[in-house]
Amino acid sequence: MDETELGPELAPEPAMVLVRPQMGENIGAAARAMLNFGMERMRIVAPRDGWPNPNAVAMASGAGRILDTAGLYDDLPGAVADCDFVFATTARGRDLTKPIFSPEAAMAKAREMQLEGRKVAILFGPERTGLENDDVTRANAIITVPVNPRFASLNLAQCVLLTAYEWRRQATEVVHEDAGMAGADWASAVEVEKLADHYEDRLDEAGFFFPPTKAPGMKVTLRNMWSRMPMTRQDVQMLHGALRQLLRGKD
């Protein structure tokens with residue numbers, strides 16, 4: 001199947017171009033990484049072990065359709081011939097004068113261009129050497145990940161995953177924090193106030209606020225504790241019940 005048959009919903013995606021990948025397992029892992037973040041356009045240039053590759057299929061584990069629809073090319077010029085802008089991923093310093101982007105900034109730019117109808121490709125080099133200078137010269141810009149300079153080498157699938165993750169962040173609304181309520185409702189201010197009253201009254205009866213000169217300050221501290229605690233209605237009900245059970249039969 002050709003990429004154009006994948007459907008219009010994939011049109012905004014950049015093409016992920018694996019240049020001379022060596023191991024089928026890494027191609028399969030790259031396919032999994034792409035599908036994890038909703039990307040489905042893979043292009044493969046001159047894979048060392050030929051194509052199709054059973055090791056890639058085995059490693060893809062559920063992402064086989066990425067491999068089934070991947071474009072196969074003999075050389076890099078053919079793989080990017082229809083593209084308007086090409087990024088090259090590399091961790092090494094280059095003597096080439098090209099703009100250098102972080103993955104986040106690169107995917108923001110890619111998203112902007114794709115929405116304008118321009119076709120974008122992202123190049124990933126072979127596992128052993130990465131992209132050669134001849135490959136990078138065909139790119140308009142470079143993507144560099146801020147890795148440890150003393151150990152800058154990234155696995156092919158890792159590099160694909162980082163880039164795909166940043167693409168997903170640009171293409172969808174990301175929830176940066178979720179309270180994880182699991183269907184529960186937050187307790188209202190009135191409910192928390194009544195809980196505070198319940199505990200204060202019973203503690204007062206038990207002689208907890210002693211000596212009397214310190215009682216006002218102790219009550220303020222206790223009230224402040226309740227207001228600081230993010231509680232659900234279930235939490236409030238449980239704390240009411242726990243206190244009643246502790247005092248059962250003592251009245």
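On a predicted model such as this, the values are computed, not experimentally measured, just so you know. (Residues numbered from 1 in each chain as written. Predicted model: local features only at pLDDT ≥ 70, side-chain atom pairs only at ≥ 80, totals over all residues. Heavy atoms only, no water.)

A.B. asks: Is there a simple way to explain the confidence of the model for the protein in this structure?
C.D. replies: Where the model shows low pLDDT, its predicted coordinates should not be examined in detail. Summarising the model, the protein shows a mean pLDDT of 88, and 90% of its residues fall at 70 or more. Overall, residues 1-11 carries pLDDT values under 50, and its contacts beyond four positions in sequence, including any with other chains, amount to 15 contacts. (pLDDT = per-residue confidence, 0-100. Contact = heavy atoms within 4.5 Å.)

A.B. asks: Mind showing me how you'd approach the pairing of strand E2 (residues 42-45) here?
C.D. replies: Taken residue by residue, a regular strand's side chains alternate between the two faces of the sheet. Where burial is concerned, the two faces of E2 agree: the one with Met42 and Ile44 and the one with Arg43 and Val45 are both buried. Looking at chain direction, strand E1 (residues 15-19) and E2 are connected through four bridges and run parallel. Bridge pairing in E2 links Val19 to Val45. As for the winding sense of the linkage, the β-α-β connection from E1 through helix H1 (residues 24-36) to E2 is right-handed. Note: E2 against strand E3 (residues 71-73), three bridges, orientation parallel. (Buried < 20%, exposed > 50% of the residue type's maximum accessible area, 1.4 Å probe, protein only. Helix = DSSP H or I, 4+ residues; strand = E, 2+ residues; numbered from the N terminus. Pairing = 2+ DSSP bridges. Right-handed = clockwise from strand over helix to strand, strands pointing away.)

A.B. asks: Where do I start with helix H10 (residues 233-247) in this structure?
C.D. replies: Note that an α-helix has 3.6 residues per turn; residues three or four places apart therefore point the same way. With 15 residues, H10 extends 22 Å between its outermost C-alpha atoms, agreeing within 8% with the 21 Å of an ideal straight helix rising 1.5 Å per residue. The complete set of buried residues in H10 reads Val236, His240 and Leu243. Along the axis of H10, the buried residues cluster in a sector spanning 65°; they form a single face. Within H10, the exposed residues directed more than 90 degrees away from the buried face are Gln234, Gln237, Met238 and Leu246. (Expected span 1.5 Å × (residues − 1). Arc of directions from axis to C-beta.)

A.B. asks: Just to check I follow, could you spell out the packing of aromatic side chains for this structure?
C.D. replies: What characterises a pair of aromatic rings is the spacing of the ring centres plus the angle enclosed by the ring planes. Following the criterion strictly, the structure yields five aromatic pairs and no others. Considering the side-chain rings of Phe208 and Phe209, the 5.3 Å spacing of their centres and the 80° angle between planes classify their relative orientation as edge-to-face. Here the aromatic residues Phe85, Phe87 and Phe101 are joined through ring pairs into a cluster of three or more. A cation over an aromatic ring shows up here: Lys109 above the ring of Phe85, its NZ or CZ 5.5 Å from the ring centre. (Phe/Tyr/Trp six-rings, centres within 6.5 Å; stacked < 30°, edge-to-face > 60°. Lys NZ or Arg CZ within 6 Å of the ring centre and 35° of its normal.)

A.B. asks: How should I be thinking about the packing of helix H8 (residues 189-205) against helix H9 (residues 215-228) in this particular structure?
C.D. replies: Angle between the axes and distance between the axes are the two parameters that describe a pair of packed helices. The geometry of H8 relative to H9 is characterised by a closest axis approach of 10 Å and an angle of 145° between their N-to-C directions. Taken as a pair, H8 and H9 cross one another with a handedness that is right-handed. Where H8 approaches H9, its residues Val192, Glu193, Leu195, Ala196, Asp197, Tyr199, Glu200, Leu203 and Asp204 are matched on the opposing element by Lys219, Leu222, Arg223 and Trp226. Across the contact of H8 with H9, the residue classes tally to seven nonpolar, no polar and six charged. (Axes fitted to C-alpha atoms, helices over the stretch in contact; angles between N-to-C directions. Left-handed = near helix turned anticlockwise from the far one by under 90°. Nonpolar A, V, L, I, M, F, W, Y, C, P; charged D, E, K, R; others polar.)

A.B. asks: Please explain unusual backbone geometry as it appears in this structure.
C.D. replies: In terms of backbone geometry, most residues other than glycine have negative phi values and most peptide bonds are trans. Cis geometry marks the peptide bond from Trp51 to Pro52, where omega comes out at 5°. Mapped onto the elements, Pro52 comes out in the loop between E2 and helix H2 (54-60). Located in the positive-phi region is Arg20, a residue other than glycine, with phi close to 50°. Residue placement: Arg20 occurs in the loop between E1 and H1. Under the relative-accessibility criterion, Arg20 is labelled partly exposed at 30%. A positive phi angle, near 45°, is found at Ser61, a position not held by glycine. With respect to the helices, strands and loops of the structure, Ser61 is situated in the loop between H2 and helix H3 (64-68).

A.B. asks: Before we go on, may I ask you to explain the side chain of His198 in this structure?
C.D. replies: Along the chain, the position of His198 falls in helix H8. Those residues in contact with His198, other than ones at most four positions away along the chain, are His240, Leu243 and Arg244.

A.B. asks: Looking at this structure, I do not really get the sheet that holds E2. What am I missing?
C.D. replies: By way of backbone hydrogen bonds, the strands of a sheet pair with one another, either parallel or antiparallel. Ordered in space as E3-E2-E1-E6-E4-E7-E5, the seven strands form an open sheet in which the pairing is parallel. The two strands at the open ends of the sheet, each matched to only one other strand, are E3 and strand E5 (100-101). Along the sheet, helix H5 (residues 103-115) contacts strand E4 (85-89), E5, strand E6 (120-124) and strand E7 (141-143); its crossing angle with E4, the most-contacted strand, is approximately 160°.

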